[in-house]
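# Reading the structure
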Amino acid sequence: MRKLILLVACLTGGLAMVSCSDSSDDQETTETKGKTKMILAIDMAPQASMGYIVPVSDIAGGSVSFTNAHEVKSTPYLATFKDWVFSIGGAADAYVYKYIRNDDGTLTKTGEIQIDRMAPMAGNMLVVNETKAYASAPIENKIVIFNPTTMERTGEIDLADTKWGVDGSNTPNPIGLFLRNDILYIGLGQFDNMPICKKGAHVLLVDAKTDKPIKKIVDYRLSAATIIGVGAMFVDEKNDLYIPCWGSYGYVPEQYCGLLRIKNGETEFDKNYCFNLTDRTWPGVEGGKLQYVLSYHYAGNGELYFFGYCPAFIGASGPDYINDKTNYSFKADLYNCTGEVLDFPRTNGYSCAINHKNNQVYFGLVTTSNGAGLFVYDRNTKTCSQSPVINSQGTIMDMAIY
């Protein structure tokens, strides 16, 4: 069971690839002097099987203080809306917890809601407005609709149907969520034996006005659409939607990970776009190959950042996602489908936190000899810090920046 949790925890890395808590210009925030400018979701393994939601008072440097932290279960992830902060249970907890940013830099917990009633897992969530939010229950095969103000369940979309599964299965396992042009896009895990998924990237489209499914689309160039936790989809400046795929964690040779696209105004996969990240040779990577890619962060103008898992650094006794330093940090061109390894120390397989503010791109790293915490890539000078600008215990799994 512990091995499965470790596998799923890495799958959550993060996928999310771009998280709900990214610092995009259109995110609604309420700025008040004194409110925390950064919130971290931290997993404490291997020291303890638990996590923390931590407000950070000074993002200029120093060390993370846990004085005002809120304890949660392991593998926590974040979503934000205005001054609301939501902790998503990921692979360890079926609940979503709500916090509010206070004027003194602290967070106050104001509510919670159980998402999946069949397993300790909450796939992902998004807030539409003050009275409507969605969250995915991967094992119960439902999308929960709730009021994010009161944290009360107001409805659900039942997806336990062979129309949405594969080969007669009625378990499509919904994970990632994204709302564009009044259509809710739902990434379907289509689990065979988690983390192994059925071939193809399967996405369900739902009419967000009626909450009724429209159709399911599939693309077999990549597999396993969106990730638990931070495995969210994202749009660029053209409102083109990008769907991250994790390719069954690299365990199935003919399944690949990377990005697919659905262009603005369309509801089918773009046949002319596929950013395949595993079926290529990467300069600067030991052995040249990545087993899978998670934790994408889009910084605008085609600039994409992500972590790539390199199998060359797996220990003799098998994968140790906490202690093995397997992950490289990358910068990529979303449109030309090119990329390069950044000059950071390698980090562990739990690492999945990437975000940016202005020209600073923050990576949550746990390194062998360079410390642990937030490292920074400067987009102007194109340089990477070799030690943390903010030190932290544990592994930073997600971050929100205001």
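Residues numbered from 1 in each chain as written. Predicted model: local features only at pLDDT ≥ 70, side-chain atom pairs only at ≥ 80, totals over all residues. Heavy atoms only, no water.

## A short note on the sheet that holds strand E13 (residues 183–188)
Condition: Any two strands between which DSSP finds at least two bridges are classified as paired. Numbering of helices and strands runs from the N terminus, with a helix taken as a DSSP run of H or I at least four residues long and a strand as a DSSP run of E at least two residues long. Under this scheme, a helix contributes an axis fitted over its contacting stretch, all axes are lines through C-alpha atoms, and angles between N-to-C directions fall in the 0 to 180 degree range.
Taken in spatial order, the 4 strands of this open sheet run E12-E13-E16-E17, and their pairing is antiparallel. What marks the edges here is a single partner per strand, and that holds for strand E12 (174–180) and strand E17 (212–219). Within the sheet, the average angular offset between the axes of one strand and its neighbour, ignoring direction, is 25°. Looking at chain direction, E12 and E13 are connected through 5 bridges and run antiparallel. What sits directly across from Pro174, in E13, is Leu188.

## Regarding unusual backbone geometry
Between Ala45 and Pro46 the backbone carries a cis peptide bond, its omega angle lying at 5°. Here Pro46 lies in the loop between strand E1 (38–43) and strand E2 (51–56). Between Met194 and Pro195 the backbone carries a cis peptide bond, its omega angle lying at 15°. In this fold, Pro195 is placed in the loop between strand E14 (191–193) and strand E15 (196–197). For Lys82, which is not glycine, the phi torsion reads 50° and is therefore positive. Note that Lys82 resides in the loop between strand E4 (77–81) and strand E5 (84–88). Phi at Thr226 takes a positive value of approximately 70°, unusual for a residue other than glycine. Secondary-structure assignment places Thr226 in the loop between E17 and strand E18 (234–235).

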